[in-house]
Amino acid sequence: MDNVSALVYCNGDMIATNEGIVFEYPTDPKVITITEDMSCASLKKTIFDANGGYKILINVFYHQPNYVSDGCVAYNCMKLKHNDDVGKIFFIYSEYSSKGSIKLNATFGCSPE
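Residues numbered from 1 in each chain as written. Predicted model: local features only at pLDDT ≥ 70, side-chain atom pairs only at ≥ 80, totals over all residues. Heavy atoms only, no water.

### Some details on helix α2 (residues 83-96)
The test is simple: Strands are runs of DSSP state E lasting at least 2 residues, helices are runs of H or I lasting at least 4, and numbering of each runs from the N terminus. Between the first and last residue of a helix there are one fewer steps than residues, each counted as 1.5 Å, and that sum is the expected span. The cut-offs for exposure are 20% and 50% of the maximum accessible area for each residue type, with area from a 1.4 Å probe on protein chains only; residues under the lower value are buried, those over the upper are exposed, and the others partly exposed. In this description, the arc belongs to the directions extending from the helix axis to the C-beta atoms. Throughout, a residue-residue contact means that at least one pair of heavy atoms, one from each residue, lies within 4.5 Å.
The terminal C-alpha atoms of α2 lie 21 Å apart, and with 14 residues this matches the ideal 20 Å at 1.5 Å per residue to within 8%. Taken together, the buried positions of α2 are D85, V86, I89, F90, I92, Y93 and Y96. When α2 is viewed along its axis, its buried side chains cluster within an angular range of 165° and face the same direction. Residues D84, F91 and E95 are exposed on α2 and point more than 90 degrees away from its buried face. Those residues of α2 hidden inside the fold are in contact with β1 (4-10), β4 (30-34), α1 (40-50), β5 (56-69), β6 (72-79) and β7 (102-109).

### A few points about the side chain of N105
Stated formally: Nitrogen and oxygen atoms within 3.5 Å of one another constitute a polar contact, given that in protein one can donate a hydrogen and the other can accept it, and given that sequence-neighbouring residues count only through two side-chain atoms.
Within the secondary structure, N105 is located in strand β7. Among the polar contacts listed, one links the side chain of N105 to the backbone nitrogen of G12, at a separation of 3.0 Å.

### Thoughts on the environment of T33
For T33, the position within the fold is in strand β4. Using a relative accessible area of 43% as the deciding quantity, one classes T33 as partly exposed. Separated by 13 residues in sequence, T33 and T46 have C-alpha atoms that sit 8.4 Å apart. Residues contacting T33, with those up to four places away along its chain left out, are N3, V4, M38 and T46.

### Let's talk about the nonpolar core
As a reminder of what qualifies: We call a set of buried Ala, Val, Leu, Ile, Met, Phe, Trp, Tyr and Cys residues a nonpolar core when their side-chain atoms join them within 4.5 Å.
Ranked by internal contacts, the top residues of the largest apolar core, which has 25 residues, are I34, L43, I47, Y62, L80, I102 and L104. Residue assignment for this core shows that the elements contributing at least two residues are β1, β4, α1, β5, α2 and β7. Looking at this core, the element that brings in the most residues is α2, giving six residues. Apart from the residues lying within four places of it in its own chain, the contact partners of L104 are A6, L7, V8, Y9, L43, I47, V60, F61, Y62, L80 and I89.

### Concerning the pairing of β1
Here is the rule: Strand pairing follows a simple DSSP-based rule, namely that at least 2 bridges must link the two strands.
Counting buried residues along β1, six of its seven residues qualify, which places the element largely inside the surrounding structure. For β1 and β4, the ladder comprises five bridges, and the chain directions are antiparallel. Looking at β4, one finds that V4 is bridged to I34. In the sheet, β1 pairs with β7 via five bridges, with the strands oriented parallel.

Here it is as C-alpha cells:
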C-alpha cells in the first residue's frame, strides 16, 4: 500500500457510548502522511513535528472501526505502542477505507520548562 493521509486530532476526549468509543476534538486535525512500513517511533515523531514540536507527546490512539452487524460500524480505541500496531492500522484501513480517513488522537502534555 502506498502513502496514506491520516487525520491527527490533538488532546481529544474519548467517550464510551452504546456505539463504541466516540472522539470529541477541540481543534481541527493536522494532516500527515503515513506508510505501512513506518515504525511506531517514526509515526510519533511525524505527529510531534506536525504539532510544532513544542509539547511532549504522551500517547497516540487509533480510532479503530469494527463492523458490528448489518453494515453498522462501531469504533474502538487502540493505543499505539509497538511497530506492529502501525501494520494493524493499515490492515484495518484496507477493510474499512470506504468509511473514511485514518483518524488518530494524540495526547500532548506541557514541557517541564
